[in-house]
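# Observations on the model geometry
Residues per chain are reported as follows:
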Amino acid sequence: MLRFVTSNAGKAREASQYLPEAVERVDYDYPEIQSDSLEAIATAGARDAYREIGEPVFVDDSGLFIDALGGFPGPYSSYVDEKLGIERVQALAAREENDRARFRTVVAYADDDGVETFEGTVRGRIVAPRGSGGFGYDPIFEHRGQTFAEMSPEEKNAVSHRGRALAAFGDWLAER
Ligand SMILES: O=c1[nH]c(=O)c2ncn([C@@H]3O[C@H](COP(=O)(O)OP(=O)(O)OP(=O)(O)O)[C@@H](O)[C@H]3O)c2[nH]1
Ligand SMILES: [Mg+2]
């Protein structure tokens, strides 16, 4: 059994569909450090959550990086979603010629041996919102003609930043 520490139910749903072992969600909002690096944020979070919970845990730190906006909102994606909302982020991006963006996830796993990180990236374009699935920025992120909110959970996992990071994590767990 794997413990996934996250305040985000959408992330937890995707992880349990993906990993070979059962995933138990721990709804603990660990303090997030301020950094430009998802690796640094996830590593500090996993360490903190492991200390708090006393059992091996993993966390997921993700962000949407819009090329024309210098990678904004990046590590601040959660804060920006809360304060502005995805429509206003899309409106900012729509003023630019270049509509390219990427999603990144860093999964960090902590146990007695320390912290291991696993990364996943997917490229796409920022579009006017479409679709009702997924969560967060999914309706404005288009990958190969479909937004993430128009995909089934399985279709999204097969190509997504999170799916790729979890696949790398799963491979590492299997070989350990
Ligand atoms: O369209 C999306 N598709 C995704 O697949 C996805 N994954 C994350 N996000 C959003 O990006 C921010 C990450 O912030 P984040 O990593 O700190 O997560 P969080 O604060 O929601 O939960 P957690 O930190 O307790 O795990 C949050 O606004 C998430 O909603 C996504 N948006
Ligand atoms: Mg967070």
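Residues numbered from 1 in each chain as written. Chains lettered and ligands numbered in written order. Predicted model: local features only at pLDDT ≥ 70, side-chain atom pairs only at ≥ 80, totals over all residues. Heavy atoms only, no water.

The protein chain has the name dITP/XTP pyrophosphatase in an unreviewed UniProt entry, where Halalkalicoccus jeotgali is given as its organism. Under the UniProt heading Subunit (unreviewed entry), the entry covering the protein chain gives this text: "Homodimer." Quoted straight from UniProt, the Sequence similarities (unreviewed entry) entry for the protein chain says "Belongs to the HAM1 NTPase family." (UniProt positions renumbered as here; feature names shortened; annotations may be inferred.)

### A few points about the overall build of the protein chain
Along the protein chain, the regular secondary structure elements total six helices and eight strands. Mapped from its N terminus to its C terminus, the protein chain presents α and β elements in the order β-α-β-α-β-β-α-α-β-β-β-β-α-α. Expected size for 176 residues packed as a compact globule is a radius of gyration near 16 Å; at 16 Å, the protein chain falls within 12% of this value. Its C-alpha atoms give the protein chain principal-axis dimensions of roughly 50 × 30 × 25 Å. For the protein chain, the residues scored as buried account for 47% of the 176 residues in total. Sequence-distant contacts in the protein chain: of pairs separated by 6 or more residues, those separated by 24 or more amount to 55%. When the accessible area of the protein chain is evaluated, it comes to approximately 8,700 Å², of which 44% is carbon and sulfur surface. On the protein chain, the mean spot of the 20 positive side-chain charges and the mean spot of the 32 negative ones are 5 Å from each other. (Helix = DSSP H or I, 4+ residues; strand = E, 2+ residues; numbered from the N terminus. Rg over C-alpha atoms; globule rule 2.2 N^0.38 Å. Buried < 20%, exposed > 50% of the residue type's maximum accessible area, 1.4 Å probe, protein only. Contact = heavy atoms within 4.5 Å. Areas by Shrake-Rupley, 256 points an atom, 1.4 Å probe, with all protein chains shown as cover. Lys, Arg positive; Asp, Glu negative; His and termini not counted. Charge placed at Lys NZ, Arg CZ, Asp CG, Glu CD.)

### Overview of the side chain of His143
Topologically, His143 is positioned in strand 7 (residues 141-143). Given a relative accessible area of 10%, His143 falls into the buried group. Discounting chain neighbours no more than four positions away, the residues touching His143 are Val122, Arg123, Phe148, Met151 and Val159.

### Notes on helix 2 (residues 38-53)
Side chains that are three or four residues apart share a direction in an α-helix, a result of its 3.6 residues per turn. Taking 1.5 Å of rise per residue, the 16 residues of helix 2 would be expected to cover 22 Å, and the 22 Å separating its terminal C-alpha atoms lies within 8% of that figure. All of the buried residues along helix 2 are Leu38, Ile41, Ala42, Thr43, Gly45, Ala46, Asp48 and Ala49. The opening residue of helix 2, the one whose side-chain oxygen lies 3.3 Å from the backbone nitrogen of Glu39, is Ser37. Just downstream of helix 2 lies Gly54, where phi reads positive at about 80 degrees. (Expected span 1.5 Å × (residues − 1). Polar contact = N/O pair within 3.5 Å; in protein donor to acceptor, adjacent residues only side chain to side chain.)

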